[in-house]
Amino acid sequence: MGLGWVRYASGMSRTRNRSRRFDVVLWGATGFTGQLTAEYLLRRHAGAGLRIALAGRNMQKLERVRAELSEVHTEANDFTLLTGDSHDRNSLDAIADQTDVVCTTVGPYAKYGETLVRACVEAGTDYCDLTGEPQFVRKMIDEQHLRAVETGARIVHCCGFDSIPSDLGTWNLVREAKARHGVELEEVKLITGRMKGGVSGGTIASMLQVLEDVKADRSILRKIGNPYALNPEGERRGPDLSDQKGVRYDDDLPGWTGPFVMASINTRVVRRTNALLDYAYGKQFRYSECSGTGRGAKGLMRATTLAAGVTGMMAGVAFEPTRKLMMKKLPAPGEGPSREQREKGSFVLHLIGKGRSEAGHETIVRGTVVGKADPGYGETAKMLGESALCLALDGDMLGTPGGMGTPAATMGQHLLDRLRAQGMEFTVDDPT
């Protein structure tokens, strides 16, 4: 199985020798998640000579953030501050031209992210974000992928809780099953386990943006409803069907399951990775995600409640009067839990791979992905920060060309090693 891109490999690979002014520009540094990411980068590389710029619309807010960060480590005083506007191409061009990587937390990305992606593509600048908006990713693929191949810009969406655990977890499970056990996996299922943490205001805003875009253009629903919506053009068919919406019992777990709201983006990212790696998982590889709710009557009740809740939530946000009522009780963009609450958060995701051994026997290989802080904030800041550092500092070692990538297809082992070094667990058990 290949470890790097083999599709579109004829594109330009820009020489990455840290000759630009900055290693990383953090766009959206004054927002809640932006500040967490800035602090993560500071704590992670204080004293290592990492060249960071904080960027946003308001200089006074940027100065306040830098001053607060300087209380964490005095090196923050050396952070350069840059201003721009999400819809001002000239200001974003000026930012993209100066840096090896732009790392952005400014969403909803369908509303605020397109101009920045275009600026990075033209500058040959690597880019990573936190989007969970499949319609935005699909649009950027359609409009910018071939140009990014030409300029060498590596554009990597979905570098947070959606969709790094799913993407890297599957990549690792498939690879380890083959390398260590000689098992060719034909299917992987991700089932959520213990999860403690709040839903971010940015995630909610992104969900609402998807609905707004679908409302304005019904053809978007058809595009993103395709399980292979993010695959290359002409390759948007396969054995997988729509994401789970109801209640099911899974014998492999074993236990009851319900829908997982992030499956609509995660599953499509995993399938794009497979396509970009020239179907290293197999043309008939199947992937799905759901929420585990436990065994017995209690597990069934929880799964039923979850399915009804997801359906009710989607119906509620689609109807304007109820959406306004719901928004009053949900966190707004820029809001989030306290440090103590973030540190008490965690998540466990279970991966179940089914395939055949070299002798032809049906085999199950299990794995887990574990995060030890709030998934939507603490672990997301870590995943985004390490993605930016991976693109900036691992440079040409990645061996991947420009284009609209995925975390696993673009950064693979380098990102996996970085996240493990920072406490995330990606494990694979012996087969059964």
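Values in this document were obtained by computation on a predicted structure and should not be read as measured data.

A few words now on the nonpolar core. In terms of nonpolar packing, the biggest core is built from 94 residues, with Leu54, Ile155 and Leu168 touching the most fellow members. Broken down by element, this core gets its largest block of residues, seven residues, from helix H14 (residues 378–393). Filtering out sequence-adjacent residues up to four positions away, Ile155 remains in contact with Val117, Cys120, Val121, Thr125, Tyr127, Ala148, Gly403, Met404 and Gly405.

One open sheet accounts for seven strands, arranged E3-E2-E1-E4-E5-E6-E13; its pairing is parallel. Of all the strands in the sheet, the pair left with one neighbour each is strand E3 (80–83) and strand E13 (403–405). On average, adjacent strands in this sheet sit at an angle of 20° to one another, irrespective of strand direction. In the sheet, strand E1 (residues 22–27) pairs with strand E4 (residues 99–104) via five bridges, with the strands oriented parallel. Bridging across to E4, Phe22 finds its partner in Thr99.

On to the pattern of salt bridges. Applying the stated criterion across every chain, the model contains 30 salt bridges. Between Arg236 and Asp142 there is a salt bridge, with the nearest N and O atoms lying 3.5 Å from each other. Of the two residues, Arg236 sits in the loop between helix H9 (219–225) and strand E8 (248–250) while Asp142 sits in helix H6 (residues 134–151), which places them 94 residues apart along the sequence. In this structure, the salt-bridge partner of Arg356 is Glu186, at a minimum N-O distance of 3.9 Å. One end of the pair, Arg356, is in strand E11 (residues 346–356); the other, Glu186, is in strand E7 (residues 184–196), with 170 residues separating them in the sequence. The class for Glu186 is partly exposed, based on a relative accessible area of 37%. Among the ionic contacts, a cluster of salt bridges with common partners joins Arg44, Glu386, Asp394 and Arg418.

Here strand E2 (residues 52–56) runs beside E3; their pairing, made up of four bridges, is parallel. Within E3, the residue paired with Ala53 across the bridge is Thr80.

Looking at the element boundaries, Lys382 is found in helix H14. Sequence spacing of Lys382 and Val183 is 199 residues, and the spatial spacing of their C-alpha atoms is 32 Å. Each residue touching Lys382, except ones within four places of it in the same chain, is listed here: Tyr40, Leu419, Gln422 and Met424.

Turning next to the pairing of E11. Of all 11 residues in E11, eight are buried; the element is thus mostly enclosed. Of the strand pairs in this sheet, E7 and E11 are connected by 10 bridges, and their pairing is antiparallel. Following the sheet pairing, Leu185 is matched in E11 by Gly355. The antiparallel pairing of E11 with strand E12 (residues 362–371) creates a hairpin that spans five residues between the two strands, and Gly360 there sits at a positive phi of about 90°.

It is worth spelling out the sheet that holds E11 at this point. Strand order in the open sheet formed by seven strands is E8-E9-E10-E7-E11-E12-E14, and the pairing between neighbours is mixed. Across the chains shown, the open sheet's two edge strands, defined by having one partner strand only, are E8 and strand E14 (425–428). Adjacent strand axes in the sheet meet at a mean angle of 30° when their direction is disregarded. Sheet topology places E11 next to E12; 10 bridges connect them, and they run antiparallel. Each residue of the ladder has a partner; that of Gly355, found in E12, is Thr363.

Definitions and limits used
- Residues numbered from 1 in each chain as written.
- Predicted model: local features only at pLDDT ≥ 70, side-chain atom pairs only at ≥ 80, totals over all residues.
- Heavy atoms only, no water.
- Core = buried A, V, L, I, M, F, W, Y, C linked by side-chain atoms within 4.5 Å.
- Buried < 20%, exposed > 50% of the residue type's maximum accessible area, 1.4 Å probe, protein only.
- Helix = DSSP H or I, 4+ residues; strand = E, 2+ residues; numbered from the N terminus.
- Contact = heavy atoms within 4.5 Å.
- Pairing = 2+ DSSP bridges.
- Axes fitted to C-alpha atoms, helices over the stretch in contact; angles between N-to-C directions.
- Salt bridge = Lys/Arg side-chain N within 4 Å of Asp/Glu carboxyl O.

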